[in-house]
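# Structure assessment
Residues per chain, in single letters:
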Amino acid sequence: MFTSPIFCAIDRPDPSGALDLARSLEGAVGGVKLGLEYFCAAGPEGVRAVASEGLPVFLDLKLHDIPNTVAGAVRSALVAEPAMLTLHASGGSAMLRAAVEAKRQAGSSSWLLAVTVLTSLDDTDLGAMGIAGDTGAQVERLARLAVEAGVDGLVCSPHEIARLRRVVPAGIKLVVPGIRPPGSAGDDQKRVMSPAEALAAGADVLVVGRPITGAADPASAARALLQGAAGS
Ligand code: C5P
C-alpha cells in the first residue's frame, strides 16, 4: 500500500517550510498530510510542489457542499494526484455519490475518504444541532451512508476503529489521527492510542503531526514510531 502506514500531518501554511519537512521525511514516512491551513495559503501549486518531492500526499480538504460543486472540487483536487482526499459524510448520499462518480470519470486511483463526526464535537454539540442520541451511533450511521455511496475509506478516531471494523466491509480503509507514542502526552488530543494499538485494532493509515513535526529530528521520530508499532 504505502512504504509506511504513518503519514505526517504538515500543519503549517508556508510552502518552503512544508517542502523542507517533506524532503526531510522521505523514506521515513508513508506520506504527508496537507490540510486546509496549507491549502488556503499555498493553493494547488503548493500541493503540487510537495507532491513533486515524491511522497504520497493526503489532501485533507473535508469537502462539503452541493453535489455539483463537490464533484467539481474533486475533479480540481485530483489534478494534483493526491493519494487521499477527504469529504464530509454529512454532505449526504447525493453529494458522496457525485464525488465518487467524479473520481471514476477522472480515472483516478486516489482514495476518497469520508469524515463522519468531527472529534471536536460531543453529544451536547450534536444535540444542539438537532441530532439526538450518542455520537458513536451518528458516526456509524454516517459511515454506512458513505460506504454505500462508494467511498474508499473513512477517517476516524482511534476509539472508533473497532466499532467501524464491525460494520463496514473489510476493504474499506480506516485512516486514523489521534496517535501518540506509548506513554507520551496527548497535546490537545483527548483520546489517543499508540501506533501498535491502532494498527492492531484495524487501522490502515495513521496520521501523526506534532510527535514528528515537533521533534528535533523528525525523520528519526517517525522511524521510532514505526519501529514501536512493529515491535509490539
Ligand atoms: O499533531 P497531531 O498528531 O495531533 O495532528 C493530527 C492531525 O490530524 C492534525 O492535522 C489534525 O487536524 C488531524 N485530525 C485530527 N483529528 C481528527 C481529524 C483530523 O487530529 N478527527
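Quick note: structure is the one above.
One structure accompanies this document, and this report is about it. (Residues numbered from 1 in each chain as written. Predicted model: local features only at pLDDT ≥ 70, side-chain atom pairs only at ≥ 80, totals over all residues. Heavy atoms only, no water.)

## Observations concerning helix H6 (residues 135-149)
What counts, and what does not: Secondary structure elements are defined from DSSP: runs of H or I of at least 4 residues count as helices, runs of E of at least 2 residues count as strands, and each element is numbered from the N terminus. Here a helix's expected span is defined as the number of its residues, less one, multiplied by 1.5 Å. Note on definitions: a residue-residue contact is assigned when non-hydrogen atoms from the two residues lie within 4.5 Å. Polar contact criterion, stated in full: a pair of N or O atoms within 3.5 Å, where within protein one must be able to donate a hydrogen and the other to accept it, and residues adjacent in sequence count only if both atoms are side-chain atoms.
With 15 residues, H6 extends 21 Å between its outermost C-alpha atoms, agreeing within 8% with the 21 Å of an ideal straight helix rising 1.5 Å per residue. Where H6 is buried, its residues touch helix H4 (93-106), strand S5 (111-115), helix H5 (123-128), strand S6 (153-155) and helix H7 (161-167). Its side-chain oxygen at 3.2 Å from the backbone nitrogen of glycine 136, aspartate 134 defines the N-terminal cap of H6. Of the residues flanking the end of H6, it is glycine 150, one or two places downstream, whose phi is positive at about 105°.

## Observations regarding the sheet that holds strand S4 (residues 84-88)
Counted only if it meets this: Between any two strands, pairing holds if DSSP finds at least two bridges. Geometry is summarised by axes, namely lines fitted to C-alpha atoms with helices restricted to the contacting stretch, and by angles between N-to-C directions that run from 0 to 180 degrees.
Taken in spatial order, the eight strands line up as S1-S2-S3-S4-S5-S6-S7-S8 and close into a barrel, and their pairing is parallel. Neighbour-to-neighbour, the strand axes of this sheet turn through a mean angle of 25°, independent of strand direction. Of the strand pairs in this sheet, S4 and S5 are connected by five bridges, and their pairing is parallel. Counted as the bridge partner of threonine 86 is leucine 113 from S5.

## Examining the site of the ligand
Here is the rule we go by: Only a single heavy atom is needed: when it lies within 4 Å of a molecule or strand, its residue is near that molecule or strand. Every accessible area reported is derived by Shrake-Rupley at a probe size of 1.4 Å, with residue values counting cover from the shown protein chains alone. Points on a 1 Å grid, built from protein atoms alone, make a cavity when a 1.4 Å probe fits but cannot get out and make a pocket when they are open with protein on both sides within 12 Å along at least 5 of 7 lines; residues with an atom within 4 Å of a point are the lining residues. Put plainly, a molecule is in a cavity or pocket when over half of its atoms are within 2 Å of the grid points there. In this count, Pro and Cys sit with the nonpolar residues alongside Ala, Val, Leu, Ile, Met, Phe, Trp and Tyr, while Asp, Glu, Lys and Arg are called charged and the others, Gly among them, polar.
Around the ligand, the neighbouring residues are Ala9, Asp11, Lys33, Thr119, Pro177, Arg180, Gln189, Val207, Val208, Gly209, Arg210 and Pro211. Contact between the ligand and aspartate 11: an oxygen atom at 2.7 Å from a side-chain N or O atom of the residue. Between the ligand and the protein, one listed contact pairs an oxygen atom with a side-chain N or O atom of lysine 33 at 3.0 Å. When the free accessible area of the ligand is taken as 460 Å², the share hidden by the protein chains comes to 82%. Most atoms of the ligand, that is more than half of them, are within 2 Å of grid points of the largest pocket. Contributions of two or more residues to the shell around the ligand are made by strand S8 (205-208) and helix H9 (210-213). Residue composition of the shell around the ligand, by class: five nonpolar, three polar and four charged.

## Topic: the layout of surface pockets
Convention followed: Grid points are joined across faces, edges and corners, and a volume is the space filled by probe spheres set on the points.
Each pocket or cavity is described by its volume, and for the largest pocket that value is around 1,200 Å³. Lining the largest pocket are 38 residues, with Leu118, Thr119, Ser120, Ser157 and Gln189 positioned closest to its centre. At the level of secondary structure, the elements contributing two or more residues to the lining of the largest pocket comprise strand S3 (57-63), H6, H7 and S8. Taken together, the residues of the lining of the largest pocket break down into 15 nonpolar, 11 polar and 12 charged.

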